[in-house]
Amino acid sequence: MYRILLSFFLFFSCLTQAQQTDYVDFKKATANISFGDLLSKEVKGTITYEFEILRDVDSVFVDAKRVKDISYVLDDEFKGQKYNGEQLIVKHKFKANSKHKLVITWRSMPEKALYFIDWEYIAGNRQIWTQGQGKYTSSWMPSFDDMNEKVIFNLNITFDKSYEVIANGNLVDKSVNGDNVTWHYAMKKPMSSYLVALAIGRYSKKTAYSQNGVFLDMYYYPADSDKFEPTYRYTKQIFDFLENEIGVRYPWENYKQIPVKDFLYAGMENTSATIFSDAFLIDKVAFVDKNYVNVNAHELAHQWFGDLVTETSGTHHWLQEGFATYYALLAERDVFGDAYYQYRLYEYAQELLDQDRAGASTALLNPKSSSTTFYKKGAWALTILREQVGDAAFKLGVKNYLRKHQFKNVETDDFIREVEKTSGKNLSEFVETWLKSDVYHYQLIEAYLIRNFKDYKAFLKLNCEQSKSKCQDYLKSSNNPFINAEVIRLLQGNITKSVFKLKTIKERQAIAQSLYNIPSELKSDYESLLQDESYETIEAALFSLWQNFPNDNKLYLKQTKGIQGFNDKNVRILWLTLALITEDFEPENNARYFEELTDYTNPIYGFEIRQKAFAYLNQIQACNEKCKTNLKQAAMHHNWQFSKFAKQLLKVEQN
Ligand SMILES: [Zn+2]
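From a predicted model like this one, the values you see are computed outputs, not experimental measurements. In this numbering scheme, every chain counts its residues from 1 along its sequence in written order. Totals for whole chains, interfaces and linings use every residue, but because this is a predicted model, local features are given only for residues with pLDDT of at least 70 and side-chain atom pairs only at 80 or more, for both listing and counting. Remark: hydrogens and water are excluded; side-chain values derive from all non-hydrogen atoms of the structure.

Draft legend 1. Spotlight on the overall build of the protein chain. Of regular secondary structure, the protein chain possesses 23 helices and 22 strands. Values of the radius of gyration come from C-alpha atoms, whereas the globule rule sets the reference at 2.2 Å times the count of residues to the power 0.38. Taking 2.2 N^0.38 as the reference for a compact globule, 655 residues should give roughly 26 Å; the C-alpha atoms of the protein chain span a radius of gyration of 27 Å, in line with that estimate. Note on exposure labels: buried denotes an accessible area under 20% of the residue type's maximum, exposed denotes more than 50%, and partly exposed covers the range between, all computed with a 1.4 Å probe on protein chains only. When each of the 655 residues of the protein chain is scored for burial, the buried share is 56%. Here the analysis covers contacts within the protein chain between residues at least 6 apart in sequence; of these, 66% occur between residues at least 24 apart. Accessible surface computed for the protein chain: about 29,000 Å², of which carbon and sulfur atoms make up 49%. For the protein chain, the distance from the average site of its 80 positive side-chain charges to the average site of its 83 negative ones is 1 Å. A run of H or I in DSSP counts as a helix once it spans at least four residues, and a run of E counts as a strand once it spans at least two, with each numbered from the N terminus. Any two residues whose heavy atoms approach within 4.5 Å at even a single point are treated as in contact. Per-residue and other accessible areas were derived by the Shrake-Rupley procedure at a 1.4 Å probe size, with only the shown protein chains allowed to occlude residues. Charge assignment: positive for Lys and Arg, negative for Asp and Glu; neither His nor the chain ends contribute. Lysine's charge is taken at NZ, arginine's at CZ, aspartate's at CG and glutamate's at CD.

Draft legend 2. How the structure looks around the sheet that holds strand β18 (residues 255–260). A pair of strands is considered paired only if DSSP assigns at least 2 bridges between the two. Taken together, the 5 strands give an open sheet; going across it, the order is β16-β17-β18-β20-β19, and neighbouring strands pair in mixed fashion. What marks the edges here is a single partner per strand, and that holds for β16 (204–209) and β19 (267–268). As paired strands, β18 and strand β20 (residues 273–277) are joined by 5 bridges and run parallel to one another. Paired with Lys256 across the bridge in β20 is Ala273. Angular values range over 0 to 180 degrees, each being the angle between N-to-C directions of two axes fitted as lines to C-alpha atoms, with helices fitted over their stretch in contact. Across the sheet, helix α2 (residues 225–232) is in contact with β16, β17 (215–220), β18 and β20; its angle to β17 comes to roughly 135°.

Draft legend 3. Region of interest: the nonpolar core. Residues grouped as a nonpolar core are buried Ala, Val, Leu, Ile, Met, Phe, Trp, Tyr and Cys residues, joined through side-chain atoms within 4.5 Å. Formed by 217 residues in total, the largest nonpolar core has its most connected members in Phe35, Tyr49, Trp318, Tyr327 and Phe415. For this core, the element with the most residues is helix α5 (residues 318–336), which contributes 11 residues.

Draft legend 4. Fine view of the packing of helix α17 (residues 535–548) against helix α18 (residues 553–560). Where α17 meets α18, the closest approach of the two axes is 9 Å, and the angle between their N-to-C directions is 160°. Classed by the angle they form, the pair α17 and α18 counts as roughly antiparallel. In this structure, α17 crosses over α18, and the sense of that crossing is left-handed. Contact with α17, carried on its side by Ile538, Leu542, Leu545 and Trp546, involves Asn553, Tyr556 and Thr560 of α18 and no other residues of that element. The classification used treats Ala, Val, Leu, Ile, Met, Phe, Trp, Tyr, Cys and Pro as nonpolar, Asp, Glu, Lys and Arg as charged, and all other residues, Gly among them, as polar. Tallied by class, residues from the contact of α17 with α18 come to 5 nonpolar, 2 polar and no charged. Oblique is the label for any angle not under 35 degrees, not over 145, and not in the 65 to 115 range, which are roughly parallel, roughly antiparallel and roughly perpendicular in turn. Two helices crossing with the near one rotated counterclockwise from the far one by less than a right angle form a left-handed crossing, whereas a clockwise rotation gives a right-handed crossing.

Draft legend 5. Quick look at the coordination of the zinc ion. Within the protein, the atoms that donate to the zinc ion are His298 (NE2), His302 (NE2) and Glu321 (OE), at distances of 2.0 to 2.1 Å. Binding-site remark: the zinc ion is held by donors from one chain whose sequence spacing is H-x3-H-x18-E. Of this pair, His302 sits in helix α4 (residues 293–302) while Glu321 sits in helix α5, and the two are 19 residues apart along the sequence. With respect to class, His302 is no different from Glu321; both count as buried. Counted as donors are the N, O and S atoms within 2.8 Å of the metal, or 3.2 Å for Na, K and Ca, while water is not among the atoms, so some sites may look incomplete.

Draft legend 6. Representation of the sheet that holds strand β11 (residues 164–167) within the structure. Read across the sheet, 4 strands follow the order β8-β9-β15-β11 without closing on themselves; strand pairing throughout is antiparallel. Since the sheet does not close on itself, it has two edges, and those belong to β8 (114–117) and β11, each with one partner. The mean inter-strand angle of the sheet, taken between neighbouring strand axes irrespective of direction, is 15°. Sheet topology places strand β9 (residues 127–130) next to strand β15 (residues 198–201); 2 bridges connect them, and they run antiparallel.

Draft legend 7. Local environment of the domain arrangement of the protein chain. Boundary definitions for the domains trace back to an automatic or database domain assignment. Split into domains, the protein chain comes out as domain 1 (16–202), domain 2 (204–303), domain 3 (309–456) and domain 4 (561–655). Placing the centre of domain 1 and that of domain 4 at their C-alpha centroids yields a distance of 39 Å. The interface of domain 1 with domain 4 comprises 7 residues on the first partner and 4 residues on the second. Overall, the association of domain 1 and domain 4 removes approximately 430 Å² of surface from exposure, summing both partners, and the carbon and sulfur fraction of that is 68%. Salt bridges are defined as contacts in which a side-chain nitrogen from Lys or Arg sits within 4 Å of a carboxyl oxygen from Asp or Glu. Counting across the domain 1 and domain 4 interface gives 0 salt bridges. Nitrogen and oxygen atoms within 3.5 Å of one another constitute a polar contact, given that in protein one can donate a hydrogen and the other can accept it, and given that sequence-neighbouring residues count only through two side-chain atoms. In this assembly, domain 1 and domain 4 are joined by 1 residue pair in polar contact (both at pLDDT 80 or more). Taken together, the residues of the side of domain 1 that touches domain 4 break down into 5 nonpolar, 1 polar and 1 charged. What gets called buried area is simply the loss in accessible area from a 1.4 Å probe that two parts show on being joined, summed for both.

Draft legend 8. Up close: the packing of aromatic side chains. To pair, rings of Phe, Tyr and Trp, with the six-membered ring standing in for Trp, must have centres within 6.5 Å; the planes then decide the type, stacked if under 30 degrees apart, edge-to-face if over 60, and tilted in the middle. For the structure shown, the criterion picks out 58 aromatic pairs. With centroids separated by 5.2 Å and ring planes inclined at 45°, the aromatic side chains of Phe228 and Tyr232 adopt a geometry described as tilted. With Phe228 and Tyr232 both in helix α2, this residue pair falls 4 residues apart, about one helical turn. Both residues of the pair, Phe228 and Tyr232, belong to the buried class. With a centroid separation of 5.9 Å and an interplanar angle of 80°, the aromatic rings of Tyr448 and Phe453 are classed as edge-to-face.

Draft legend 9. Local environment of helix α19 (residues 570–581). The end-to-end C-alpha distance of α19, which contains 12 residues, comes to 17 Å, matching closely the 16 Å that a straight helix rising 1.5 Å per residue would cover. Burial analysis of α19 places 11 of its 12 residues in the buried class, which makes it a mostly covered element. Those residues of α19 lying buried are Asn570, Val571, Arg572, Ile573, Leu574, Trp575, Leu576, Thr577, Leu578, Ala579 and Leu580. Buried residues along α19 sit against α17, α18, α20 (590–599) and α21 (607–619). Multiplying one less than the number of residues by 1.5 Å gives the expected span of a helix.

Draft legend 10. Representation of the pairing of β18 within the structure. Counting buried positions along β18 yields 6 of 6 residues, so the element is predominantly enclosed. Bridge analysis of β17 against β18 gives 3 bridges, and the strand direction is parallel. Residue pairing across strands places Asp217 opposite Lys256, the latter belonging to β18.

Draft legend 11. The pattern of salt bridges, seen in detail. As enumerated under the stated definition, the model contains 37 salt bridges in all. Measuring nitrogen to oxygen at the nearest pair gives 3.9 Å for the salt bridge that ties Glu52 to Lys27. Here Glu52, found in strand β2 (residues 43–53), pairs with Lys27, found in strand β1 (residues 24–35); they are 25 residues apart in sequence, far enough to count as distant. We classify Lys27 as partly exposed; its relative accessible area is 38%. Between Arg451 and Glu387 there is a salt bridge; the shortest N-O distance is 2.7 Å. Here the residue Arg451 occupies a position in helix α11 (residues 442–452), and Glu387 occupies one in helix α7 (residues 371–389), the gap between them amounting to 64 residues. On the accessibility criterion, Glu387 (33% relative accessible area) is partly exposed.

Shown next, in the form of structure tokens:
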């Protein structure tokens with residue numbers, strides 16, 4: 001009975017879960033990639049796969065989502081082009097333990113996963129870049145949409161010599177051929193196809209070296225050299241910290257970070273080549289509000305958690321996002337200190353609480369969970385686990401887990417088993433409570449905060465809605481600037497003159513952002529916020545002052561003239577809008593200001609700038625023909641959030 005049942009299950013699991021990785025192992029890929037007409041977004045090339053057959057089988061496939069032309073030659077002999085729109089199918093009597101070579105030639109005009117930026121605009125920032133995760137790398141290069149197939153990828157890319165070309169691994173050679181250069185990138189170890197990266201653009205770069213001599217290449221736009229230092233500040237410290245904390249040497253050849261225009265996310269951890277949004281290219285004033293430190297650490301942590309060991313399926317997604325979020329927090333503690341770290345953990349807990357109150361809590365092991373769950377509940381689960389088993393057992397468990405499964409795929413049990421071994425503890429209750437249960441155990445998290453962080457006991461008892469005076473008193477004695485800023489926000493504008501005695505930028509920013517109706521006795525205090533070294537504070541303060549004190553409008557505009565703000569020009573775009581609607585403010589420049597504001601809707605600007613410009617122009621009902629044309633173009637943008645925004649605005653404009 002037992003045996004019969006067992007064989008039935010085996011049979012059943014073969015039927016439902018047969019994967020190509022069970023009978024063939026693709027080992028190495030060498031791709032020669034070039035581009036056709038850039039305006040029609042065409043990529044083409046040949047890719048050679050070396051593979052080994054594990055079990056007799058009569059066909060193998062390579063994914064290729066909706067490519068234009070595709071054909072193959074197997075073992076220099078057998079030609080074919082059987083293609084179903086998703087996969088190239090190679091029919092052949094493959095024998096177990098045989099080795100083969102498959103050369104695929106293809107041409108593609110991908111709608112996803114490879115993005116062509118600004119080639120239609122001479123004044124644009126012309127780039128080509130990839131995003132594999134959540135898209136399909138196989139739409140631009142025949143490869144494997146199954147994360148469980150890990151291959152050593154070598155990319156040779158030919159492009160116009162005036163551009164930089166960056167891909168995974170080591171640049172081993174550059175060969176010049178007339179106006180073109182072929183860049184030869186090589187890897188030593190295998191990875192999943194979704195981590196293949198390609199970035200082409202006009203870049204400068206600087207290189208630092210980690211404590212263990214890993215090259216850290218940091219790319220930036222040639223015109224932005226003043227932004228290099230604030231953007232990449234702490235990069236080496238973060239790298240060295242994570243390598244020591246994780247306890248396993250950085251597993252790849254080098255580490256490159258490349259900012260790109262109109263990226264889909266904050267960053268993407270392509271193996272040895274993180275691509276991130278150029279909204280994080282920031283100057284020293286922006287650093288206090290919107291720096292790259294967290295994303296820098298998060299994507300770097302993924303080089304171990306995600307790239308070195310990769311989830312077998314979405315059920316185990318927290319092994320990537322929870323870990324990357326957790327280790328980024330630890331790196332931030334190393335950079336910004338304990339109070340910052342503690343506040344971030346508190347913030348994550350509150351975000352999870354909001355989700356819970358909305359009835360949307362799910363288990364970490366539910367593949368359909370939200371990012372909030374995967375990232376923040378994941379980071380909290382690890383925080384709780386570490387306290388439970390102790391630092392030493394936790395660190396050794398992580399190290400053993402990575403070593404044992406390196407360059408392979410993992411499930412949650414693989415991790416839990418290692419920590420059980422190093423701690424000698426049974427973790428089934430932990431697994432039940434934090435990984436399998438839909439319930440968000442906020443009371444356990446609150447208890448953790450109170451137990452471990454001395455400032456949180458008194459703070460968590462406060463209820464600013466019930467007792468404003470208690471919260472106001474709290475601010476007089478507390479010297480934790482992060483908690484104070486939160487208390488100020490909770491007071492919702494009920495602040496007294498003494499609150500202005502608080503000096504840090506974040507505390508003052510909380511005042512700027514929460515005090516909408518400024519009492520006249522606080523006017524001069526509030527006006528001083530315009531002098532703060534923070535674009536977020538200046539944006540909020542300028543708007544509130546302009547609204548509250550019409551007689552002094554022109555003065556506020558004069559004080560903030562010329563400030564651009566973040567990369568999305570948050571201050572400049574607000575300023576232009578206010579300048580246009582302030583009566584008698586520089587009437588001689590009115591037309592010029594309007595033209596500048598309208599110009600920011602143009603596609604040569606990043607979508608963050610354009611979105612702000614569209615929103616403000618809509619607010620003052622001044623979206624002219626040029627703006628409307630740009631808005632229609634924006635509705636087709638590859639960034640779905642931006643295109644959704646544009647579509648909604650178009651509806652408003654039409655009504
Ligand atoms: Zn991530």
